[in-house]
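# Report on the structure
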Amino acid sequence: MTMTKATDMTGSSASGKMNFGQLARDNGTFLALIALILINMIITPNFLQVQTLYVNLTQVATIAIVAIGMTLVIASAGIDLSVGAVMALSGALAPFVFLSEFGMASPGLALVLSIAVALLAGLLCGMFNGWLINQFAIQPIVATLVLFIAARGLAQVLTNGNLQVFDNPAFEFIGSGRVLGIPFQALMAVAFALILSWVVRRTAYGRYLLAVGGNAKAARLSGISVNRVRLATYAICGVLAGFAGMVVSAINSASDANQTGQLMELDAIAAAVVGGSNLMGGKAPIIGALIGAAIIQLVKYTLLANGVHDAVALIAKAVIIILAVYFQFNRSE
Amino acid sequence: MVDTPVLKMTAIRKSFGDVPALTDAALTIRPGEVHALIGQNGAGKSTMIKILNGAYRKDAGEIELDGQPVRFSSPHEAQLGGISTIFQEVNLVHYRSVTENIVLGQEPKKFGMIDWPKAHRRAEEVLQRFGLNLDVRQPLHHCNIAVQQLIAIARAVSFDARLVIMDEPTSSLDSQEKQVLFRVIRDLSAQGVAVMYVSHHLEELFEVCDRVTVMRNGGMIATHEMSDVTKLGLVSEMIGRDANQIAESGATGFGKTHAGSKTVVLELQNLSNGTNVKDASLIVHQGEVVGLAGLLGAGRTETVAMIFGADHPAGGNMAFKEHRSFFREPAEAINAGIGYCTEDRKAEGIIPGLSIRENLTLAMNPRLAKRGVIPRMAEREMVADFIDKLSVKCAGMDQPIRELSGGNQQKVLLARWMATQPDLLILDEPTRGIDVGAKREIQTLIEGLSAAGLSVLMISSEFEELVEGANRVVVLQEGKTIATLTGGDLNEDSLLAAVAGEAEGAAL
Ligand SMILES: Nc1ncnc2c1ncn2[C@@H]1O[C@H](COP(=O)(O)OP(=O)(O)OP(=O)(O)O)[C@@H](O)[C@H]1O
Ligand SMILES: [Mg+2]
């Protein structure tokens, strides 16, 4: 008979006492992160310097923010390939607003407006994804391919395909500011994670999300509007991608429609899966996604700092995803 | 020499976390015998089976097959070793064709490729044995749950097995299909294949089984020759209470103490869906229990799905209270005061990864939530109350529902709908998979609710349940309402005649 493996969906179940093996399995991701850090302490020069920590924190934040949105989408049994492109679009839109004539005239208002426009673009892109999937019952992987191409195209049209350099310290705070010595965007990533994991646990929307991802048919028969849940989920993912796009532009003091968010969809999916997401849906480990993002970032950094070629880094990432999925399937009985 | 038993399981132990599911369980099955395994919901029957076929790992104990110790690590391996299993929850691949589902794992090959014409022929042959003539190329999910169940059985039987395990194989079948199944079981037994048979319908055991083993709370109580026991005796062993006490009450928990009022709650006229529902009409009054009877494929489930807005009708009229049209979505129907407990609890009922608590309150979140936030205490209180009232056997309300035994999942789903306090509760096979004791409790509960004004529309393949529980029974046949039985006309014989008699006429 075809038995589907029962994977652990909620992480902790009824089990009270735990032995070490179980502990390792349930917290495998966390242990992997610790192991990575320990390995780096030994092999990577200057790993423990504040500067290194800072670089890693600034870079991990964008992955984490997008991965949080991706975790929600995956929880709905979907996937969003357009996040990187949406980052490019939002990242290009914000400077577009404050660099315009109007923006030069009233910089204060323009700053607020630029951020609002960038987030709105993310929201609309997300809603478009959700709408496509709902309206035409297309597979999410195909539906989000549309914006994967179109959103970056739009960003390139906006910027004529050129790097757009700017000098706007207020906006740059998003990417290089610090609060109490911690990079602003890292704090934002943590804030998003805390808020959204609360939303998943405590709100009706969170319940609906997990129900739709876990069994869409049963969810509909329980009165849940599957379409609305999907729309909202892709919209949240879009807004988060939009925010991440601004962070990247702010870090570089420039928007680069060609490079911003390149391959981010893969990093985000990898982070989500490593963090415990199940591609079949029904499970939203948001804090896990944070840890997953940290792992992806550290692997990248380790290879880079030890002079390994980029292409090899990609392969390493693929191996991590495969391992994560493998362990997920063995995390039962 | 006496035959070595085909299966011998001894001193089996299994716990899930801290919760013991099996404590010192044992079972011996002789070659070619039909052996029943019975016990209350959560007694450990399915766990026993899953340990035998390698779906779960045992904590301790021995398993011998034909005298040889065995240890399977997956149901597939067990299949190769001669043990074929029909799981309690139909476990097939929904989007694949019927053929693929049947030949999966033993596909006929030609030049290394699957020989499709041969595969289809094989599938057709296998189904023929069950009197099923259907298009084997269609995807499985086009078939209703009863047909799916037959397909699962046909598949399991098509392997050359020494032992075929059937975990509640008849839960979706009506009396005719059951007879077909029993015939197949007798064939198997005559060929020397042993059958392990799990069911909550004790009458069935007397028809096909040779011996019976009773389980309670993860342990073995006794094994008997079927000819040495009575139904009452079995029940008393299952629930651990004195037989005399049980004998005093009737066969079901229904007592039909009230009649329902004259206020019409639901009126359905000439419903059709363009395919198998052609002309279904029925009326439900307030406080009334209306049964919906018919054979497999009569369109009962399709009819209620349209009442609930889960499917869209092609024609007909409906009025529910002051609402004078069909609902477009289940959400509308729920808002208007309808609850619908579906027949297929795995595909359309449970959200496997969510907890008992989350599953139970799923349909009432709009009412429970305050500004979108679910109040923790109120939710927990309500859930605790239902777990208590329906005696759901679980480790706690935060346990994932997929870990519950089949019957206990069913109780949670019933609670999901009772919790919404509907005016009309549609129940599709409400006591499927529920043990005799709990069944009575649930029936009593339904009766109590209807006495308080709730209307119930109940599909059931069990005539006993319809006759004792329903004020009126509407009989559907090939999508048409052909009779309504009430009062003195309502008994098992008249029902059988209405459901089956006419059907034979129609088949000619
Ligand atoms: N995967 C699991 N995780 C935790 N507990 C489980 C799991 N599977 C079964 N159990 C528990 O083991 C006990 C026995 O369950 P089992 O499914 O064997 O009962 P059953 O006799 O088949 O009942 P039913 O008649 O309802 O199908 C139950 O208390 C159940 O909650
Ligand atoms: Mg069972």
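Just so we're clear, the structure is a prediction, and the values are computed from it rather than from any experiment.

## A short note on the overall build of chain B
Of the regular secondary structure elements, chain B holds 19 helices and 21 strands. Taking 508 residues into account, the globule formula puts the C-alpha radius of gyration at 23 Å, and chain B, at 23 Å, falls close to it. With respect to the three principal axes, the spread of C-alpha positions in chain B is 70 × 55 × 50 Å. Across the 508 residues that make up chain B, the buried fraction comes to 56%. Accessible area for chain B stands at about 20,400 Å²; split by element, carbon and sulfur atoms hold 48% of it. For chain B, the distance from the average position of its 51 positive side-chain charges to the average position of its 65 negative side-chain charges is 5 Å.

## Topic: the UniProt feature "transmembrane region" (unreviewed entry) in chain A
Residue and element names in this part refer to chain A. Feature annotation in UniProt places "transmembrane region" (unreviewed entry) on residues 28-48, 54-74, 81-99, 111-133, 140-159, 179-200, 231-251 and 311-329, given in this structure's numbering. Between the C-alpha atoms that bound residues 54-74 the distance is 30 Å, and the span itself is 100% helix and 0% strand. With 100% helix and 0% strand, residues 231-251 has its two end C-alpha atoms placed 30 Å apart.

## Description of the coordination of the magnesium ion (ligand 2)
With distances of 2.0 to 2.1 Å, the protein atoms coordinating the magnesium ion (ligand 2) are Ser46(B) (OG) and Gln88(B) (OE1). Of this pair, Ser46(B) sits in helix H1 (residues 45-52) while Gln88(B) sits in the loop between strand S6 (83-86) and helix H3 (98-103), and the two are 42 residues apart along the sequence.

## Remarks on the sheet that holds strand S12 (residues 219-225) of chain B
Residue and element names in this part refer to chain B. As summarised here, the arrangement of the six strands in space is S6-S9-S10-S3-S11-S12, forming an open sheet in which the pairing is mixed. At either margin of the open sheet sits one strand with a lone partner, and together these are S6 and S12. Going from strand to strand, the sheet's axes swing by 15 degrees on average, the running direction of each strand aside. Judged from the five bridges that link them, strand S9 (residues 163-167) and strand S10 (residues 194-198) form a sheet pairing that is parallel.

## Observations concerning a nonpolar patch on the surface
Where nonpolar side chains cluster on the molecular surface, the patch consists of Phe30(A), Ile34(A), Ile37(A), Leu38(A), Ile39(A), Met41(A), Ile42(A), Ile43(A) and Leu48(A) and spans about 870 Å² of accessible area. Position of Leu48(A) relative to the elements: it lies in the loop between helix H2 (28-43) and helix H3 (50-75).

## Some thoughts on the packing of H3(A) against helix H14 (residues 286-305) of chain A
Residues and elements named next belong to chain A. Following both chains from N to C, one finds H3 and H14 inclined at 135 degrees, their axes separated by 8 Å at the closest point. Considering the angle they form, H3 stands oblique to H14. Here the hand of the crossing between H3 and H14 comes out right-handed. On H14, the residues that touch Thr52, Asn56, Gln59, Val60, Ile63, Ala64, Ala67, Ile68, Thr71 and Leu72 of H3 are Ile286, Ala289, Leu290, Ala293, Ala294, Ile296, Gln297, Leu298, Lys300 and Tyr301. When the residues that make up the contact of H3 with H14 are grouped by side-chain class, the tally is 14 nonpolar, five polar and one charged.

## Notes on the environment of Glu77(B)
Residue and element names in this part refer to chain B. For Glu77, the position within the fold is in helix H2 (residues 75-80). Between the C-alpha atoms of Glu77 and Glu462, which are 385 residues apart in sequence, the distance is 36 Å. What Glu77 contacts, discounting residues up to four positions off in sequence, is Arg71 and Phe72.

## Looking at the interface of chain B and chain A
In this complex, chain B contributes 55 residues to the contact, which on the side of chain A involves 31 residues. Surface buried jointly by chain B and chain A totals about 3,500 Å² across both partners, of which 57% is contributed by carbon and sulfur atoms. The interface formed by chain B and chain A includes four salt bridges. In this structure, Glu358(B) engages Arg207(A) in a salt bridge whose closest nitrogen and oxygen atoms are separated by 3.6 Å. Across the chain B-chain A interface, the total number found is 11 residue pairs in polar contact (both at pLDDT 80 or more). For the side of chain B that touches chain A, the elements supplying multiple residues, two or more each, are strand S1 (7-16), H2, helix H11 (330-336), helix H12 (345-348), helix H13 (356-360), helix H14 (365-368), helix H15 (376-389) and helix H16 (406-419) of chain B.

## Quick word on the domain arrangement of chain B
All names here are of chain B. Assigned domains of chain B: these are domain 1 (7-247) and domain 2 (264-499). With centres defined by C-alpha atoms, the gap from domain 1 to domain 2 works out at 28 Å. Taken together, the contact pairs 26 residues of domain 1 with 26 residues of domain 2. Among the residues domain 1 hides against domain 2, the three largest losses belong to Asn41, Glu89 and Ile145. Together they make up 27% of the total. Our enumeration of links across domain 1 and domain 2 arrives at zero salt bridges. Put simply, domain 1 and domain 2 have four residue pairs in polar contact (both at pLDDT 80 or more) between them.

## So, unusual backbone geometry
All names here are of chain B. Positive phi outside glycine occurs at Ala11, with the angle close to 50 degrees. Taking relative accessible area as the criterion, Ala11 reaches 33% and is therefore assigned partly exposed. The phi torsion at Ser391 lies on the positive side, around 35 degrees, for a residue other than glycine. Relative to the assigned elements, Ser391 resides in the loop between H15 and H16.

## A closer look at the pairing of S1(B)
Residues and elements named next belong to chain B. Note that S1 and strand S2 (residues 19-29) share seven bridges and pair antiparallel. The partner of Lys14 across the bridge, within S2, is Leu22. Linkage of S1 to S2, two consecutive antiparallel strands, is achieved through a turn of two residues, within which Gly17 is found at a positive phi near 60 degrees. Summarising the sheet, S1 and strand S4 (residues 60-65) pair through five bridges and their orientation is antiparallel.

## Considering the site of ligand 1
All names here are of chain B. What surrounds ligand 1 is a group of 22 residues, the closest being Lys45, Ser46, Thr47, Ser405 and Gly407. Thr47 is positioned such that a nitrogen or oxygen atom in its side chain is 2.5 Å from an oxygen atom of ligand 1. Measuring from an oxygen atom of ligand 1, one finds a side-chain N or O atom of Gln88 at 2.9 Å. Here ligand 1, which alone exposes 640 Å², has 94% of that area covered by the protein. Considering every element that reaches the shell around ligand 1, the biggest residue donor is H1, with three residues.

## Remarks on H14(A)
Taking 1.5 Å of rise per residue, 20 residues should cover 28 Å, and H14(A) covers 28 Å from first to last C-alpha, within 8% of that figure. Of the residues one or two after H14(A), Gly307(A) is the one with positive phi, at around 70 degrees.

## A closer look at the pattern of salt bridges
In the structure shown here, the tally under the stated rule is 18 salt bridges over all chains. One salt bridge in this structure joins Arg220(A) and Glu329(B), with 3.1 Å as the shortest N-O distance. Of this pair, Arg220(A) sits in helix H11 (residues 216-221) while Glu329(B) is found in the loop between strand S16 (315-320) and H11, placing the two residues in two different chains. Since its relative accessible area comes to 24%, Arg220(A) is described here as partly exposed. Glu33(B) is the partner of Arg211(B) in a salt bridge, and the nearest nitrogen-oxygen pair spans 2.9 Å. With a gap of 178 residues between them, Arg211(B) in strand S11 (residues 211-216) and Glu33(B) in the loop between S2 and strand S3 (34-38) connect regions that are remote in the sequence.

## Remarks on the packing of aromatic side chains
A complete count under the given rule lists 11 aromatic pairs over all chains for this structure. Arranged with centres 5.3 Å apart and planes meeting at 85 degrees, the rings of Phe192(A) and Phe243(A) form a pair that is edge-to-face. You can see Phe192(A) sitting in helix H9 (residues 184-202) and its partner Phe243(A) sitting in helix H12 (residues 226-252), a full 51 residues away along the chain. Residue placement shows Arg178(A) over the ring face of Tyr54(A); its charged tip is 3.7 Å from the ring centre. Between the NZ or CZ atom of Lys389(B) and the centre of the ring of Phe386(B), over which it lies, the distance is 4.9 Å.

Rules of the game
- Residues numbered from 1 in each chain as written.
- Chains lettered and ligands numbered in written order.
- Predicted model: local features only at pLDDT ≥ 70, side-chain atom pairs only at ≥ 80, totals over all residues.
- Heavy atoms only, no water.
- Helix = DSSP H or I, 4+ residues; strand = E, 2+ residues; numbered from the N terminus.
- Rg over C-alpha atoms; globule rule 2.2 N^0.38 Å.
- Buried < 20%, exposed > 50% of the residue type's maximum accessible area, 1.4 Å probe, protein only.
- Areas by Shrake-Rupley, 256 points an atom, 1.4 Å probe, with all protein chains shown as cover.
- Lys, Arg positive; Asp, Glu negative; His and termini not counted.
- Charge placed at Lys NZ, Arg CZ, Asp CG, Glu CD.
- UniProt positions renumbered as here; feature names shortened; annotations may be inferred.
- Donors = N, O, S within 2.8 Å, 3.2 Å for Na, K, Ca; no water.
- Pairing = 2+ DSSP bridges.
- Axes fitted to C-alpha atoms, helices over the stretch in contact; angles between N-to-C directions.
- Patch = residues over 30% accessible without salt bridge, like charges linked within 9 Å, V, L, I, M, F, W, Y side chains within 5 Å.
- Salt bridge = Lys/Arg side-chain N within 4 Å of Asp/Glu carboxyl O.
- Parallel < 35°, antiparallel > 145°, perpendicular 65-115°, else oblique.
- Left-handed = near helix turned anticlockwise from the far one by under 90°.
- Contact = heavy atoms within 4.5 Å.
- Nonpolar A, V, L, I, M, F, W, Y, C, P; charged D, E, K, R; others polar.
- Buried area = accessible area lost by both parts, 1.4 Å probe.
- Polar contact = N/O pair within 3.5 Å; in protein donor to acceptor, adjacent residues only side chain to side chain.
- Domains from an automatic or database assignment.
- Near = heavy atom within 4 Å.
- Expected span 1.5 Å × (residues − 1).
- Phe/Tyr/Trp six-rings, centres within 6.5 Å; stacked < 30°, edge-to-face > 60°.
- Lys NZ or Arg CZ within 6 Å of the ring centre and 35° of its normal.

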